[in-house]
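The lines below spell out each chain.
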Amino acid sequence: MTGTKNALGRIASVVAALCTLAAAGQVHAGAPVEVEVTRGADDDVTTALAAAVMQAFGNDDGFALSQGRRANSLIVVVQAPTAAARAGIHYKLAFPIRFLSAQGQTLGFTQVVCQENTLNKCAEQTVAAAGPAANKLGRH
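So, here is what we can say about the structure in this document. Every residue gets a number counted from 1 within its own chain, in the order that chain's sequence is written. Under the rules for a predicted model, residues below a pLDDT of 70 receive no local features and side-chain atom pairs below 80 are neither given nor counted, while totals for whole chains, interfaces and linings still include all residues. Hydrogens are left out, water is left out, and the side-chain values use all remaining heavy atoms of the structure.

### Some remarks on unusual backbone geometry
Excluding glycine, most residues fall at negative phi; most peptide bonds, likewise, are trans.
Then step 1. Even without being a glycine, Arg-69 presents a positive backbone phi close to 50°.
Then step 2. Here Arg-69 shows up in the loop between strand S2 (63-65) and strand S3 (74-78).
Then step 3. Classification of Arg-69 as partly exposed rests on a relative accessible area of 39%.
Then step 4. For Asn-72, which is not glycine, the phi dihedral falls at a positive 65°.
Then step 5. To qualify as a helix, a DSSP run of H or I must reach at least 4 residues; to qualify as a strand, a run of E must reach at least 2; elements of each kind are numbered from the N terminus. Tracing the sequence through the fold places Asn-72 in the loop between S2 and S3. Note on classification: 1.4 Å probe, protein chains only; a residue is buried when its accessible area is under 20% of the maximum for its type, exposed when over 50%, partly exposed between these limits.

Take a look at the structure:
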């Protein structure tokens, strides 16, 4: 009986962990969500972050890179930094990120923060924040 209770306790823990990840948008069911990354500005740092975001989405199994605003695609718009603060020899930057449907419906916003020499951290934050917006596409 004790073995059964322990096994049920472990199963309950796993289920609770999966529910927590799903609520955070980190578990993707079914086919990957198509995602298109665009920029709201053409400055060097915004362009570099958009490239890092594309790479991060390309490396995530829950997403597939797309183009041409295909139906049910998540459009991720990387905006120019809205804040910059000196952090040693680098600048700490804050980038607003918009999530849209292919039809232009706003699905969410986030702000990612990193230094200009660690844009991959902002890219990872963007991918993590994309889950709830992708859920609003009605695919999950």
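Let's pick the thread back up.
### Regarding the packing of aromatic side chains
Then step 1. Planes of paired rings set the category: under 30 degrees apart is stacked, over 60 is edge-to-face and the rest tilted, where pairs are Phe, Tyr or Trp rings (Trp by its six-membered ring) whose centres lie within 6.5 Å. This structure, assessed with the given rule, holds one aromatic pair.
Then step 2. With a centroid separation of 4.9 Å and an interplanar angle of 80°, the aromatic rings of Phe-57 and Phe-63 are classed as edge-to-face. The pair formed by Phe-57 and Phe-63 is uniform in burial state, with each residue classed as buried.

### A word on the nonpolar core
Then step 1. Of all hydrophobic cores here, the largest spans 28 residues; its most connected members are Val-53, Phe-57, Phe-63, Leu-74, Val-76, Phe-95 and Phe-99.
Then step 2. Listed by contribution, the elements that provide at least two residues to this core are strand S1 (33-39), helix H2 (44-58), S3, strand S5 (90-101), strand S6 (106-115) and helix H3 (119-135).
Then step 3. At seven residues, H3 tops the list of elements feeding residues into this core. In this description, a nonpolar core means a group of buried Ala, Val, Leu, Ile, Met, Phe, Trp, Tyr and Cys residues linked to one another through side-chain atoms lying within 4.5 Å.

### Looking at the state of the cysteines
One way to say it: the disulfide is the covalent bond shared by the sulfur atoms of two cysteines.
Then step 1. A pair of sulfur atoms, both from cysteines and within 2.5 Å, is called a disulfide here. By the definition in use, this model includes one disulfide.
Then step 2. The disulfide that involves Cys-114 links it to Cys-122, with 2.1 Å between the sulfurs. Across the disulfide from Cys-114 to Cys-122, rotation about the S-S bond amounts to roughly -115°, and the bridge is consequently left-handed.

### With respect to the pattern of salt bridges
Then step 1. Any Lys or Arg side-chain nitrogen found within 4 Å of a carboxyl oxygen on Asp or Glu counts as a salt bridge. In total, this model carries two salt bridges according to the counting rule given.
Then step 2. Where Arg-70 meets Glu-34, a salt bridge forms, and the shortest distance between an N and an O atom there is 3.0 Å. Taken together, the positions of Arg-70 in the loop between S2 and S3 and Glu-34 in strand S1 put the pair 36 residues apart, joining distant regions of the chain.
Then step 3. Taking relative accessible area as the criterion, Glu-34 reaches 25% and is therefore assigned partly exposed.
Then step 4. Taking the shortest distance from any N to any O, the salt bridge between Asp-42 and Arg-39 comes out at 2.8 Å.
Then step 5. Asp-42 gets classed as exposed once you look at its relative accessible area, which sits at 61%.

Just geometry here; none of it tells us what the structure is for.
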